[in-house]
Every structure is written in structure tokens, then in C-alpha cells.
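Listed below are the residues making up each chain.
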Amino acid sequence: MYLTRSTFPKLLYDTLRNAGFDLEVWDNKGHGMWDRAAAPPRDVLRDAASRCDALVVTIGDRVDDYVLSNAKVKVIATYSVGYDHIDLDAATRRGIPVGYTPEVLVEAVADLAIGLIITLARRVIEGDRLVRSGEAYKVWGEFLGTEVWGKTLGILGLGNIGAAVARRAKAFNMNVIYWSRTRKPWIEVALGLRYVDLNELFRQSDYLVLTVALSKETYHIVNEERLRLMKNTSYLVNVARGAVVDTNALVKALKEGWIAGAALDVYEEEPIPNTHELIKLNNVILTPHIASATVETRNKMAEVTALNVINVLLKNTKPVYQANMS
């Protein structure tokens, strides 16, 4: 079995070893998960796929037709909820099930989304910087944020994470509207949500949270045309995938004041270069893809990843969560 990181949670390696598997691990110690040096080169990954029964990968590993061109591998398990880095068609043609880890990170991601909304609204990051610089009390009277209570929250993509964000928002008496590729009337009734069309979502939202999955349909779904529909007092929060937002259009919106600000946990290019235009802007909060980064959630992801492999190789059944061939 081949694992593409030496920095996965210890629980993952221990569970697989205890199940009797021999592990071959790409050593990325000294590199962050997103460091370009972290992932094995594509030729190395292709070689592993030709020799091993299982590939355990993560978002930075592109598993496509080339990597699988001479595959012996019987299962691919990705340590992530997203699987856009895996060519599902290429895997399916070869009869290779692809396991992933949805649901277990729902609450952690929703927590961060709400945290980012409050941080934007109350200008927490700016306030911290002012205190550290000794300038805070010089501008205290003019340092004003905006309230979250009673405002309109728009959710783009009402899957498990979107619904979890909506539940939290109700505690702040927010008016929650949503758009999703599939309307969810049972969730509307349960949580008191209102479905609107896509453009209306952008027009009405005081805070717009992106939780939609990345697909051909949702690539750059947040574009210049839609950003121009937003209020100049509104905020955008992305805890989905970087490529659902046209970054160039967002930079323009932030610079020219079409919206008041944004908070991003994901980017079209990861890691985001420290020379990027977003880095220079004061009305955007940037976090390093940490929505699922809690001890509890990462261990649950590790457990599910291991079980996805164990189910296929030892129990001759499907992964716990399967992205293809279902």
C-alpha cells in the first residue's frame, strides 16, 4: 500500500498496520501538506499504482489516466471530502473504487464558516493589528464593524456543510436563503430556509457562504457578473473550493468596493503565492485551507480513509464512502 504523505494522522498508519498491511510512505517531513515538495512526483505515483494494492492520497495528488495507465491498484482512498483531484472516469474504466471522507468534517467546516463571518463583521483581524501596533485607541471612535444578528445569510450549495452552516445561523436570528443545484424542500421546512434563484442569492445576501462542490458546472460560478450584483456592504466567505471563485474578478471587487470584504480558506492556486494580489488587500481574511483542521475531525478522516481501504481489500465490499461506481 502506498501513502503519499508521512504527515497524515498517526491513527491512519496505525489502523492500516494493525489490519496487516505493509505501508510504503512518501517522506514529506520538513514540508507542509501543501508544499510543492510534499507530493510524490507523478512518475513515482504512477509506479506505485502499478505495484501496490491501494493508493492513499490527498488533495495535492493528481490521480489521472497517466498515473493509472499501468495500474495494479484495487482501491484509491483520498484523505479529503473533495475528489476533484482524481479522474473518476479513469478509475471507473479500470474498475477501481475511489473512497473519500465526507460528513465527518461537516461540523468543523461549518464552525469555521460562522467564525469567519463574525471575524469579518467585527473586523477582528484589523483590531488585533491595531492593538499590536499601538494605534487602536487613536481610531477607537471610528473603528466600527457591522452586526450579524438578523442579517441575511446566503448559502451557495446546500449539502451537509451548507445545512450545518444554516443551523448555526439560526442561532443568530439570521434570515437564511440558499441556492443549490438540487432544491431541498425538506431542509427548507426543517430549518426555515428560503430557496432563491442564483442571481437573487447574490443580490440579497449580506453574507454569502460558499459550500458548493467543485464541478464543471460550478467552476467560476462566482464571477464578475455575479459579484457586481452584490451589495457594497456584503461579504463573501469561501470554505468550498478555490476554483468556484474567479479570483481575478474577486480581487477587482475587493479593490473597487463592489463588496465590503471576503474571507477565503481555499484558493485557485494552493499554496497561494505570497506575491498574490489578495495578500496585499486589507479587506480580505486569508486562512490556509484549515476548515477541517481540528484534532477530532482529522482523526475521523483518518479512520474513514483506513476503513475505505479495509472494506475493499479485506472485506471485499465497497468503501464506506464511494465517489464512483455507485
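Residues numbered from 1 in each chain as written. Predicted model: local features only at pLDDT ≥ 70, side-chain atom pairs only at ≥ 80, totals over all residues. Heavy atoms only, no water.

As for the side chain of Asn238
Working step 1: Structurally, the position occupied by Asn238 is in strand E10 (residues 235-238).
Working step 2: Exposure remark for Asn238: the relative accessible area of 1% places this residue in the buried category.
Working step 3: Looking at Asn238, its side chain comes within polar contact range of the main-chain oxygen of Arg241, at 3.2 Å.
Working step 4: Asn238 has contacts with Leu210, Val244, Val245, Ala263, Leu264, Asp265 and Val266, leaving out every residue within four places of it along the chain. (Helix = DSSP H or I, 4+ residues; strand = E, 2+ residues; numbered from the N terminus. Buried < 20%, exposed > 50% of the residue type's maximum accessible area, 1.4 Å probe, protein only. Polar contact = N/O pair within 3.5 Å; in protein donor to acceptor, adjacent residues only side chain to side chain. Contact = heavy atoms within 4.5 Å.)

Description of the pattern of salt bridges
Working step 1: Going through the model one piece at a time under the given rule, you end up with 21 salt bridges.
Working step 2: Ionic pairing is found between Arg132 and Asp128, a salt bridge with its closest N-O pair at 2.7 Å. Taken together, the positions of Arg132 and Asp128, both in helix H5 (residues 124-133) and four residues apart, correspond to about one turn of that helix.
Working step 3: Taking relative accessible area as the criterion, Asp128 reaches 35% and is therefore assigned partly exposed.
Working step 4: Glu277 serves as the salt-bridge partner of Lys255, at 2.6 Å between the closest nitrogen and oxygen. Of this pair, Lys255 sits in helix H10 (residues 247-256) while Glu277 is found in the loop between strand E11 (261-264) and strand E12 (284-286), placing the two residues 22 residues apart along the sequence.
Working step 5: Among the charged side chains, a network of salt bridges with common partners joins Glu107, Asp111, Arg167 and Arg168. (Salt bridge = Lys/Arg side-chain N within 4 Å of Asp/Glu carboxyl O.)

A few points about the domain arrangement of the chain
Where interface size is quoted, it is often the accessible area lost as the parts come together.
Working step 1: Here the domain parsing of the chain yields domain 1 (2-103 + 294-315) and domain 2 (105-286).
Working step 2: Of note, the centres of domain 1 and domain 2, computed from C-alpha atoms alone, are 31 Å apart.
Working step 3: Domain 1 puts 11 residues into the contact, and the matching count from domain 2 is nine residues.
Working step 4: Linking domain 1 with domain 2 are one salt bridge.
Working step 5: Arg241 serves as the salt-bridge partner of Asp84, at 3.3 Å between the closest nitrogen and oxygen.
Working step 6: The tally of links between domain 1 and domain 2 comes to three residue pairs in polar contact (both at pLDDT 80 or more). (Domains from an automatic or database assignment.)

Here we look at the nonpolar core
Where a protein is soluble and globular, its nonpolar side chains tend to be buried together.
Working step 1: Counting residues in each nonpolar core, the largest one holds 55 residues, and the members touching the most others are Leu153 and Val309.
Working step 2: Here the element with the most residues in this core is helix H4 (residues 106-121); it accounts for 10 residues.
Working step 3: Residue contributions to this core reach at least three from each of two domains, namely domain 1 (2-103 + 294-315) and domain 2 (105-286).
Working step 4: Apart from the residues lying within four places of it in its own chain, the contact partners of Leu153 are Ile117, Val165, Ala169, Met174, Asn175, Val176, Ile177, Ser205, Tyr207 and Val209.
Working step 5: Ranked by size, the runner-up nonpolar core spans 32 residues in total, among them Trp179, Leu201, Val245 and Trp258. (Core = buried A, V, L, I, M, F, W, Y, C linked by side-chain atoms within 4.5 Å.)

Some words on helix H6 (residues 160-170)
Working step 1: All of the buried residues along H6 are Ile161, Gly162, Ala163, Ala164, Val165, Ala166 and Ala169.
Working step 2: If you follow the buried residues of H6, they end up packed against H4, strand E6 (152-156), strand E7 (175-179) and helix H7 (185-191).

Describing the pairing of strand E3 (residues 54-57)
Working step 1: Neither face of E3 is left uncovered, since the one carrying Ala54 and Val56 and the one carrying Leu55 and Val57 both have all their residues buried.
Working step 2: Pairing of E3 with strand E4 (residues 75-78), which is carried by four bridges, proceeds in the parallel orientation. By the bridge assignment, Val57 is partnered in E4 with Thr78. (Pairing = 2+ DSSP bridges.)

Section: the pairing of E7
Working step 1: Counting buried positions along E7 yields four of five residues, so the element is predominantly enclosed.
Working step 2: Pairing of E6 with E7 involves five bridges; the strand directions are parallel. The residue bridging Ile155 from the neighbouring strand is Tyr178, located in E7.
Working step 3: Viewed along the sheet, the connection from E6 through H6 into E7 turns out right-handed.
Working step 4: Sheet topology places E7 next to strand E8 (residues 194-195); two bridges connect them, and they run parallel. Its bridge partner lying in E8, Ile177 is registered against Arg194.
Working step 5: Regarding topology, H7 serves as the crossover connection from E7 to the parallel E8, and that connection is right-handed. (Right-handed = clockwise from strand over helix to strand, strands pointing away.)

Points about the packing of helix H1 (residues 10-18) against helix H11 (residues 295-313)
Working step 1: Interhelical geometry of H1 versus H11 gives an angle of 25 degrees and a closest axis separation of 8 Å. One way to sum up the angle between H1 and H11 is to call them roughly parallel. Crossing handedness for the pair H1 and H11: right-handed. Where H1 approaches H11, its residues Leu11, Leu12, Thr15 and Leu16 are matched on the opposing element by Asn299, Ala302, Glu303, Thr305, Ala306, Val309 and Ile310.
Working step 2: For the contact of H1 with H11, the residue count by class is seven nonpolar, three polar and one charged. (Axes fitted to C-alpha atoms, helices over the stretch in contact; angles between N-to-C directions. Parallel < 35°, antiparallel > 145°, perpendicular 65-115°, else oblique. Left-handed = near helix turned anticlockwise from the far one by under 90°. Nonpolar A, V, L, I, M, F, W, Y, C, P; charged D, E, K, R; others polar.)

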